[in-house]
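Secondary and tertiary structure notes
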Amino acid sequence: MESNQRRVISLLVDNQSGVLARVSSLFCRRGFNIDSLTVSATNDPTVSRITVSVSGTEKELQQLILQTERLEVTRQVFVLNESTALERELLLLKVMANVTNRAELREIAGIYKAKIIDLSPDSMVFELTGRPEKIDAFLKLMSDYQILEQCRTGVTALERGGMHQHMQKPAQEVREAQLPLPGTRCR
């Protein structure tokens, strides 16, 4: 039996309204639970990047990628390699704080290199950026304190190094290779 694997998939899509709904509904229809999802601008104002973290078997993930490539709004789809990708998340965490525990909270923040971005008489707000595993470990330690609010962005990622294979071809050339042009027949 094939086991579930976590994959980070990066999609370059047309920057237009409704694209996120189309992509996420495709994932939903295929029975995938999205672990995290971020959408961001790129250096091209006509293109947006969607970064999705999902789990599934290799066969299920390959099928999902093929179906995502076939969406007319999709320009490119690629799976990020865990060993060569830079993954980051942002966490904002508000914790109950008073005179007795404030020093402990500052010490934990220092160890994880979290910033204290707000301090009030009864709470502290931390900002932490890092790999998902770092965020998880920080949250585990902070669970011993009373967490008032939490906001986590989800994974955003890029491959290390210069221009990568998936970015070397112009989007139109990649698209033509993936799908036949309207009015043409598949071979």
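Just above, that's the structure.
Throughout, a residue's number is its position along its own chain's written sequence, starting from 1. At least 70 in pLDDT is required for a residue's local features to be given in this predicted model, at least 80 for side-chain atom pairs to be given and counted, and no such filter applies to totals for whole chains, interfaces and linings, which use all residues. Each side-chain value is derived from all of the structure's non-hydrogen atoms; neither hydrogens nor water enter the calculation.

**Regarding the overall build of the protein**
We apply this condition: Counting from the N terminus, the helices are the DSSP runs of H or I reaching at least four residues and the strands are the DSSP runs of E reaching at least two. Categorising residues by exposure relies on relative accessible area from a 1.4 Å probe, with only protein chains included: less than 20% of the type maximum marks a residue as buried, more than 50% marks it as exposed, and the intermediate range marks it as partly exposed. All accessible-area figures derive from a Shrake-Rupley calculation using a 1.4 Å probe, and residue coverage is judged against the displayed protein chains alone.
For the protein, the count of helices and strands is 6 helices and 9 strands. Taking all 187 residues of the protein together, the buried fraction comes to 38%. Carbon and sulfur atoms make up 52% of the accessible area of the protein, which amounts to about 11400 Å² in all.

**Some points on the pattern of salt bridges**
Basically, it comes down to this: Take a side-chain nitrogen of Lys or Arg and a carboxyl oxygen of Asp or Glu: if they are within 4 Å of each other, that pair is a salt bridge.
Scanning the entire structure with this criterion turns up 8 salt bridges. Linking Arg 7 and Glu 58 is a salt bridge whose minimum nitrogen-to-oxygen distance equals 3.0 Å. Residue Arg 7 is found in strand β1 (residues 5-14), and its partner Glu 58 is found in helix α2 (residues 58-69); the two are separated by 51 residues along the sequence. Arg 7 gets classed as partly exposed once you look at its relative accessible area, which sits at 26%. Residues joined in a network through salt bridges with shared partners are Glu 89, Asp 136 and Arg 152.

**Here's the deal with helix α4 (residues 132-142)**
Formally: Here, the arc refers to the directions that run from the helix axis to the C-beta atoms.
All buried positions along α4 are accounted for by Pro 132, Ile 135, Phe 138, Leu 139 and Met 142. Down the axis of α4, the sector holding all buried residues measures 125°, keeping them to one side.

**Here's the deal with the pairing of β1**
Applicable threshold: In this description, strands pair whenever DSSP reports at least two bridges between them.
Across the 10 residues that make up β1, a large majority, 7, are buried. Direction of pairing for β1 relative to strand β4 (residues 74-80): antiparallel, over a ladder of 6 bridges. Pairing of Ile 9 across the sheet is with Val 79, part of β4.

**Side note on the sheet that holds β1**
Our working rule: Axes here refer to lines fitted to C-alpha atoms; in helices the fit is confined to the stretch in contact. Angles between the N-to-C directions go from 0 to 180 degrees.
Here 4 strands make up an open sheet; going across it, the order is β2-β3-β1-β4 and the pairing antiparallel. Strands at the two margins of the open sheet, each flanked by one partner only, are β2 (34-41) and β4. Neighbouring strand axes in the sheet, compared pairwise and without regard to direction, differ in orientation by 20° on average. With 7 bridges connecting them, β2 and strand β3 (residues 47-56) associate as antiparallel partners. From the neighbouring strand, Thr 38 faces β3, where its bridge partner is Thr 51.

**Some points on the packing of aromatic side chains**
The cut-off we apply is this: Here is the rule: rings of Phe, Tyr and Trp (six-membered ring for Trp) pair when centre to centre is within 6.5 Å. Planes less than 30 degrees apart are stacked, more than 60 are edge-to-face, and the remainder are tilted.
All chains considered together, the criterion is met by 2 aromatic pairs. Ring plane angle 65° and centroid distance 5.4 Å describe the contact between Tyr 112 and Phe 138, whose orientation is recorded as edge-to-face. Here Phe 138 lies in helix α4 and Tyr 112 lies in helix α3 (residues 102-112), a separation of 26 residues in the sequence. Accessibility classification places Tyr 112 together with Phe 138 in one group, the buried group. An aromatic cluster of three or more residues is present, and its members are Tyr 112, Phe 126 and Phe 138.

**Here we look at unusual backbone geometry**
You will see that Lys 113, though not glycine, has its phi angle at about 60°, which is positive. Among the structural elements, Lys 113 can be located in the loop between α3 and β6 (115-120). For Lys 113, a relative accessible area of 68% corresponds to the exposed category.

**Description of helix α1 (residues 19-29)**
Put simply, the rule reads: In this analysis, two residues are considered to be in contact whenever any of their non-hydrogen atoms come within 4.5 Å of each other.
Within the sequence span of α1, burial applies to Val 19, Val 23, Leu 26 and Phe 27. Seen along its axis, α1 keeps its buried residues to an arc of 100°; they face one direction. Of the exposed residues in α1, the ones pointing more than 90 degrees away from its buried face are Cys 28 and Arg 29. Buried residues along α1 sit against β1, β2, β3 and α2. Two residues or fewer after α1 comes Gly 31, characterised by a positive phi angle close to 80°.

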